[in-house]
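Chain residues, written in single-letter form:
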Amino acid sequence: MSAEAGARLRVLPVPPEKPLTETAHERLATIAQHTEMGAGMYVAMKDLEIRGAGNLLGGEQSGHIAGVGFDLYVRMVGEAVADYRASLEGGVEEEPPLEVKIELPVDAHVPHDYAPGERLRLQAYRSIASANTEEDIKAVREELVDRYGKLPEPVENLLLVAGLRMLARACGVGDIVLQGTNIRFAPVELRESQELRLKRLYPGTVIKQASHQVLVPRPKTAKVGGKPLVGRELLGWVGEFLASILGS
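What you see is a predicted model; the values in this text were computed from it and never measured.

### Structural notes on the overall build of the protein chain
At step 1: Of regular secondary structure, the protein chain possesses 9 helices and 5 strands.
At step 2: For the protein chain, the N- to C-terminal ordering of α and β elements is α-α-α-α-β-α-α-α-β-β-α-β-β-α.
At step 3: Per-residue burial over the protein chain gives 37% buried out of 248 residues.
At step 4: The long-range fraction of contacts in the protein chain, counting pairs at least 24 apart against all pairs at least 6 apart in sequence, stands at 60%.
At step 5: Accessible surface for the protein chain amounts to roughly 14600 Å². Of this, 55% is attributable to carbon and sulfur atoms.

### Here we look at the nonpolar core
At step 1: Within the largest apolar cluster, 44 residues are counted, with the highest numbers of intra-cluster contacts made by Phe185 and Leu242.
At step 2: Contributions of two or more residues to this core are made by α5 (118–130), α6 (134–148), α7 (153–171), β3 (182–186), β5 (213–217) and α9 (231–246).
At step 3: Among the elements that line this core, the one with the most residues is α7, at 9 residues.

### Description of the packing of helix α8 (residues 192–201) against α9
At step 1: Two numbers describe how α8 lies on α9: the axes approach to 9 Å, and their chain directions differ by 140°. Viewed along their axes, α8 and α9 adopt a mutual orientation that is oblique. Side by side, α8 and α9 meet where Gln194, Arg197, Leu198 and Leu201 of the first sit next to Phe241, Ser244, Ile245 and Leu246 of the second.
At step 2: The residue inventory of the contact of α8 with α9, partitioned by class, reads 5 nonpolar, 2 polar and 1 charged.

### What about the environment of Ile128?
At step 1: Positionally, Ile128 belongs in helix α5.
At step 2: Using a relative accessible area of 1% as the deciding quantity, one classes Ile128 as buried.
At step 3: Separated by 34 residues in the primary sequence, Ile128 and Ala162 have C-alpha atoms spaced 7.0 Å apart.

### Side note on the confidence of the model for the protein chain
At step 1: Taken over all residues, the pLDDT of the protein chain has a mean of 79, while the share at 70 or more is 66%.
At step 2: For residues 1–9, every residue scores under 50 in pLDDT, and the model assigns this stretch 5 contacts once sequence neighbours within four places are set aside.
At step 3: Counting contacts from residues 52–68, a segment whose pLDDT is below 50, to residues more than four positions away or on other chains yields 54 contacts.

### A few points about the pattern of salt bridges
At step 1: Applying the stated criterion across every chain yields a total of 6 salt bridges.
At step 2: Linking Lys101 and Asp175 is a salt bridge whose minimum nitrogen-to-oxygen distance equals 4.0 Å. Placement of Lys101 in strand β1 (residues 101–103) and of Asp175 in strand β2 (residues 175–179) is noted, with a sequence separation of 74 residues between them.
At step 3: As a salt-bridge pair, Arg141 and Glu156 come within 2.7 Å of each other at their nearest N and O atoms. One end of the pair, Arg141, is in helix α6; the other, Glu156, is in helix α7, with 15 residues separating them in the sequence.
At step 4: Residue Arg141 is classed as partly exposed on the basis of its relative accessible area, which comes to 28%.

### Section: the packing of aromatic side chains
The geometry of an aromatic ring pair comes down to the distance between the two centres and the angle between the two planes.
At step 1: Following the criterion strictly, the structure yields 6 aromatic pairs and no others.
At step 2: Considering the side-chain rings of Phe185 and Trp237, the 6.5 Å spacing of their centres and the 45° angle between planes classify their relative orientation as tilted. In this pair, Phe185 sits in strand β3 while Trp237 sits in helix α9, placing the two residues 52 residues apart along the sequence. For the pair Phe185 and Trp237, one class covers both residues: buried.
At step 3: Every member of this aromatic cluster is reached through a ring pair, and the members are Phe185, Tyr202, Trp237 and Phe241.

Thresholds applied
- Residues numbered from 1 in each chain as written.
- Predicted model: local features only at pLDDT ≥ 70, side-chain atom pairs only at ≥ 80, totals over all residues.
- Heavy atoms only, no water.
- Helix = DSSP H or I, 4+ residues; strand = E, 2+ residues; numbered from the N terminus.
- Buried < 20%, exposed > 50% of the residue type's maximum accessible area, 1.4 Å probe, protein only.
- Contact = heavy atoms within 4.5 Å.
- Areas by Shrake-Rupley, 256 points an atom, 1.4 Å probe, with all protein chains shown as cover.
- Core = buried A, V, L, I, M, F, W, Y, C linked by side-chain atoms within 4.5 Å.
- Axes fitted to C-alpha atoms, helices over the stretch in contact; angles between N-to-C directions.
- Parallel < 35°, antiparallel > 145°, perpendicular 65-115°, else oblique.
- Nonpolar A, V, L, I, M, F, W, Y, C, P; charged D, E, K, R; others polar.
- pLDDT = per-residue confidence, 0-100.
- Salt bridge = Lys/Arg side-chain N within 4 Å of Asp/Glu carboxyl O.
- Phe/Tyr/Trp six-rings, centres within 6.5 Å; stacked < 30°, edge-to-face > 60°.

Below you can see the structure in the form of structure tokens.
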């Protein structure tokens, strides 16, 4: 790139009647400071970092790569592994694993002050998304503790979500979503004995056989005057539900 071209890149016209926001100023400063060959990746990463994280556990995603979402990471990594295995096995593609969507009020993410730097957080998300067994999760936990220290609660929750995702997949459940005052599980195929157990252990549950869904009242801290469960307690409750009703 010539010096003249570099100079042109640094001239960024801004309407004088519209004052720059702090975010806009940061974006422009990043572009002005990184005009060398190959700097586009840094500029893009910085822009994505500025936009912030999206819905980490949900299907609607936005924001930087770390905020693309645990669901999407699992899908991307799973597809990449399947493609790689297919290439080694002469083009025989494995059936992709069941995609599991978890949308619950849980603070689950890798904080900026725990793993400093976009790439380090990206590596942490990728490692968690690649975990397919309890041994994998244990190995990821040990690696994170060794590199960054004791896990903060949001990271602990993220590992719990990974374990819950594996349990849901083993039970054939693809959706675990907060819907009003209920937790929706789908698809769910219940045997008669499972249906009887469900009604006995979780009174108030609505079974929608046509759509293969069950709506279970969201648990509370107490039957009278209790508050709805959130965070780690809610994840534990969901795990107990899957194991007691849909576990083999």
